[in-house]
Amino acid sequence: MGMGILHMLNDELLQEDSAAYKNFLRLTNHQFEKLLRLVEPHISRQDTVMRQCVSARSRLELTLRFLATGESYRSLMYSSRIHESTISLFIPEVCEVIFNVLKDEFLMTPSTPESWQSIADQFMELWQFPQCVGALDGRHITFRSPKSAGSFYHNYKGDHSLVLLAMADACCKFTYINIGVNGRISDGGVFRDCTLSKAIQNNSLNFPQSRPLPGSSNNVPYVIVADDAFPLSTRILKPYPQRGLSHDKKIFNYRLSRARRIIEHAFGILANRFRVLLNPICLSPNKVEKITLACVALHNYLCTNSGQFYTDFDEASIITLDTWKPQGTNRTSRSALSVRDEYKNYFCSPTGSVEWQDAAVLRHNC
């Protein structure tokens, strides 16, 4: 094992090439050591008279390399000199521990009006979208479904998948995730039954009090932006249907899309950093769920510790998702329609318009 990739990582890259070390694990050495201190008590094992155990450091290093590349266990065996049967046992375990030790600090949904207001201020500053507390979307995490599952995990794209439903703040940090629902269910269906939807309905998230948009006198609630797959409500803003759009509605759709793209950027950054998510994962649904949760927790860990150095991506390099999805329900309340109209009027007013929106609509960017 001494001459494998872990020897190269610690005896060569760490000493001579910090950029390559960071690319290898997706973490700097300082970030790795901090994470190791958190997970080590939970993943350390004792040596026996029969054999020497794999150290906690090596377990974490190989797990991070697996998440960064999506290499098969067999490939990691040949490069690390650790047998694939051992690797297959500890990688899902380490993934579960990573999520558990990071979630409370780095993956908590805001629970106070002040914390939601901070997110809304960021959306206004960065994306010129007032009173927005998150961007919501779903991503399919594909995997090789067992034959016994039949079509249970079969999604509309023809793959087998689990749905990762997530909400992000204005800086690409996830503020809510739900993973594990089979890919046959639409994003809107996943949202309808998730804890976020129930919390919104029960008014238990402590959103700030409704207030008028700038330049208006009508109270408007704080909202989450989403796409056509989700149901329109007083808290969920989605685009106007594409048929027969007026210019003002096109403006609204463009401004909404501009703010909503933050969740697509977050998914793109997540998949670029942890490329295990790019291709079908050849593991059971339970292990796929643990891997995904670990990737999301690490994403937020790096967002917090690296800031814009982590989230500043060239847009052309981000791997984006397919934009078409099954449509959500058309049954909406008058109050939900009224909230959307208030935003439309604001974006078309002298107070809320931005100088480039008309040109963007003409370029069909709505």
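What counts and what doesn't
- Residues numbered from 1 in each chain as written.
- Predicted model: local features only at pLDDT ≥ 70, side-chain atom pairs only at ≥ 80, totals over all residues.
- Heavy atoms only, no water.
- UniProt positions renumbered as here; feature names shortened; annotations may be inferred.
- Pairing = 2+ DSSP bridges.
- Helix = DSSP H or I, 4+ residues; strand = E, 2+ residues; numbered from the N terminus.
- Contact = heavy atoms within 4.5 Å.
- Axes fitted to C-alpha atoms, helices over the stretch in contact; angles between N-to-C directions.
- Bend = angle between axes of the 7 residues up to and from the residue.
- Buried < 20%, exposed > 50% of the residue type's maximum accessible area, 1.4 Å probe, protein only.
- Polar contact = N/O pair within 3.5 Å; in protein donor to acceptor, adjacent residues only side chain to side chain.
- Core = buried A, V, L, I, M, F, W, Y, C linked by side-chain atoms within 4.5 Å.
- Domains from an automatic or database assignment.

- For the protein, the name recorded in an unreviewed UniProt entry is DDE Tnp4 domain-containing protein, with Photinus pyralis as its organism.
- Among the UniProt annotations of the protein, the heading Subcellular location (unreviewed entry) holds the following wording: "Nucleus".
- If you open the UniProt record of the protein and go to Sequence similarities (unreviewed entry), you find "Belongs to the HARBI1 family."

### Some details on the sheet that holds strand E2 (residues 161–168)
Okay, so step 1: Across the sheet, five strands lie side by side as E3-E2-E1-E6-E7; this open sheet has mixed pairing. The open sheet has two edge strands, strand E3 (174–182) and strand E7 (236–237), and neither has a second partner.
Okay, so step 2: With two bridges joining them, strand E6 (residues 223–225) and E7 adopt parallel strand pairing. Residue Ile224 lies in a different strand from E7, and its bridge partner there is Ile236.
Okay, so step 3: Running over the sheet, helix H10 (residues 247–273) touches strand E1 (132–142), E2, E3, E6 and E7 and is turned about 50 degrees from E1.

### Observations concerning helix H3 (residues 29–43)
Okay, so step 1: When the local axis directions of H3 are compared, the greatest deviation, roughly 40 degrees, occurs at Arg37, which is followed within four positions by the proline Pro41.
Okay, so step 2: Buried within H3 are the following residues: Gln31, Phe32, Leu35, Leu36, Val39 and Ile43.
Okay, so step 3: Contacts made by the buried residues of H3 are with helix H2 (18–25), helix H4 (56–69), helix H6 (84–106) and helix H11 (285–306).

### Focus: the side chain of Ser161
Okay, so step 1: Relative to the assigned elements, Ser161 resides in strand E2.
Okay, so step 2: At a separation of 2.8 Å, a polar atom in the side chain of Ser161 contacts the side chain of His140.
Okay, so step 3: With sequence-adjacent residues up to four places away left out, Ser161 is seen in contact with His140, Ile141, Thr142, Phe143, Tyr153, Asn155, Val181, Asn182 and Gly183.

### Some words on the nonpolar core
Okay, so step 1: Ranked by internal contacts, the top residues of the largest apolar core, which has 115 residues, are Leu60, Leu67, Phe129, Leu136, Phe174 and Tyr343.
Okay, so step 2: Counting the residues that make up this core, at least three belong to each of domain 1 (5–106) and domain 2 (113–273 + 329–364).
Okay, so step 3: Excluding anything up to four places from it in sequence, Tyr343 contacts Phe129, Pro130, Gln131, Leu213, Val220, Pro221, Val223, Leu237 and Phe252.

### A look at the pairing of E3
Okay, so step 1: Of all nine residues in E3, seven are buried, a share of seventy percent or more.
Okay, so step 2: Note that E2 and E3 share seven bridges and pair antiparallel. The partner of Leu164 across the bridge, within E3, is Ile179.
Okay, so step 3: Counted between consecutive antiparallel strands, the loop separating E2 from E3 contains five residues, among which Cys172 sits at a positive phi close to 70 degrees.

### Examining the side chain of Thr175
Okay, so step 1: Structurally, the position occupied by Thr175 is in strand E3.
Okay, so step 2: Assessed through its relative accessible area of 5%, Thr175 is described here as buried.
Okay, so step 3: Once residues lying within four places of it in the same chain are set aside, the contact partners of Thr175 are Met108, Thr109, Pro110, Ile119, Met167, Ala168 and Asp169.

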